[in-house]
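Geometric and topological summary
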Amino acid sequence: MPSLVFAEDANDVLLLLNKMNKAVQTRSYRINFISQDKNQYVTTFEYSHLGAAKKENINAHLLYLEGPAKEIILHKSATSYFQPDSPSFSIASSRIIEAFPDVIYNDFTQLTSIYDFALLGNTRTANRSVQLVKIVAKDKDRYSYVIWIDVETYLPMRIDLLDQNNEIISQLKVIQLDMNFNKKKMTDYINHRTYPILLSIEKQNSALVDWRLAWLPNGFKEIAAYNVNFYESDIATKLFSDGVFSFTVNVSPEETKQSNQFIQQGGRTIFSTNFANKNIIIIGNLPLVTIERIAQNIIEK
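None of the values given here were measured: they were computed from a predicted structure.

What follows deals with the overall build of the protein. A count of helices and strands for the protein gives three helices and 20 strands. In the protein, which comprises 301 residues, the share counted as buried stands at 47%. Taking the contacts inside the protein whose residues are at least 6 apart along the sequence as the reference set, 51% of them involve residues at least 24 apart. With the model as given, the accessible surface of the protein reaches about 15,600 Å², and the carbon-plus-sulfur share is 48%.

As structure tokens, this is what we get:
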């Protein structure tokens, strides 16, 4: 299996990936897909997407097909979460992040200094012809992806997240694609819902201003910094991303009794530590060793 794309294939693979990025956002489609982390139960979803050329005009609906009847709706650049076992809420967002991962939404020509791209050939999945593309970081401090792209619609039909040993640790797999679903019915459903107010997010007085990260993986940049008041708890957050992977540094005033705890959930790592009498939680789709190195390089300004 190749890990590098040859020069003569570079334009082809980047063109294919950018067509996928455009199709995911501008086309209207409904998919049923399964999502599974390594050694975890499979979760099934129905995702209906009403595409548009402008992000603010995109509408979408994600329905959990098992367990409590949870649904997520994107409408007018806000994502609303309806959960029967907890209060509903909305956040400002141009997409439903629980559908496709960040890697899908990129201008891939901007990533060639950080990632290598390989065309792996053709195969079939969900009874459709697809082309396989592998995305590998030039530095070995993050995971890699294999994306199965439909040759007709350019939609991603399967997304495998691989660890450093090329083992699948998380997978999204489409089992049914419907390009002819009832778009008017879905539009009416979304337009006539009553939506909860947006969560309070403030871009000021952040608890993060007193310290910084002395090391970041190559290509990562600070994307946002804000305060969130979530159920009477004030959390200061910074978001970092390289366009493919991301992580957040979250600070709360409550110091935990136990420091340096971690949880591994498929491709997601949650690392908790104490710093300057505060609780710091780093959450990201990065290997534990990378998350730990980030935590070790938090320094006061």
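As a further point, take the environment of Leu 111. If you trace the backbone, Leu 111 turns up in the loop between strand S6 (89–92) and strand S7 (115–125). Put simply, Leu 111 and Leu 14 are 97 residues apart on the chain and 9.7 Å apart in space, counted from C-alpha to C-alpha. Setting aside residues up to four positions removed in sequence, Leu 111 forms contacts with Asn 106, Phe 117, Asp 242 and Val 244.

Quick look at the sheet that holds strand S5 (residues 78–82) now. Across the sheet, which stays open at both edges, the eleven strands sit in the order S6-S5-S4-S3-S2-S1-S11-S10-S9-S8-S7 with antiparallel pairing between neighbours. Unpaired on one side and paired on the other, S6 and S7 mark the two borders of the sheet. Going across the sheet, the axis of each strand differs from the next one's by a mean of 15°, ignoring polarity. One ladder, built from eight bridges, connects strand S1 (residues 29–37) with strand S11 (residues 168–178); its direction is antiparallel. Paired with Arg 30 across the two strands is Asp 178, which belongs to S11. Strand contacts of helix H2 (residues 183–191): S1, strand S2 (43–50), strand S3 (59–64) and strand S4 (71–75), with the helix running at about 90° to S4, the strand carrying the most contacts.

On to the packing of aromatic side chains. When we look at a pair of aromatic rings, we describe it by the centre distance and by the angle of the planes. Evaluation of the coordinates by the stated rule reveals eleven aromatic pairs. Taking 6.5 Å as the distance between ring centres and 70° as the angle between the ring planes, the aromatic pair formed by Tyr 143 and Phe 245 counts as edge-to-face. Residue Tyr 143 is found in the loop between strand S8 (128–137) and strand S9 (144–150), and its partner Phe 245 is found in the loop between strand S15 (233–241) and strand S16 (246–252); the two are separated by 102 residues along the sequence. Given a relative accessible area of 5%, Tyr 143 falls into the buried group. On the basis of relative accessibility, which here comes to 0%, the residue Phe 245 falls in the buried class. Through a chain of ring-to-ring contacts, the aromatic side chains of Tyr 29, Tyr 47 and Phe 100 assemble into a single cluster. Here the guanidinium or amino end of Lys 183 rests over the ring plane of Phe 181, the centre of that ring lying 4.9 Å away. Above the face of the Phe 82 ring, Arg 193 is positioned so that its terminal group lies 4.3 Å from the ring centre.

How each quantity is defined
Residues numbered from 1 in each chain as written. Predicted model: local features only at pLDDT ≥ 70, side-chain atom pairs only at ≥ 80, totals over all residues. Heavy atoms only, no water. Helix = DSSP H or I, 4+ residues; strand = E, 2+ residues; numbered from the N terminus. Buried < 20%, exposed > 50% of the residue type's maximum accessible area, 1.4 Å probe, protein only. Contact = heavy atoms within 4.5 Å. Areas by Shrake-Rupley, 256 points an atom, 1.4 Å probe, with all protein chains shown as cover. Pairing = 2+ DSSP bridges. Axes fitted to C-alpha atoms, helices over the stretch in contact; angles between N-to-C directions. Phe/Tyr/Trp six-rings, centres within 6.5 Å; stacked < 30°, edge-to-face > 60°. Lys NZ or Arg CZ within 6 Å of the ring centre and 35° of its normal.

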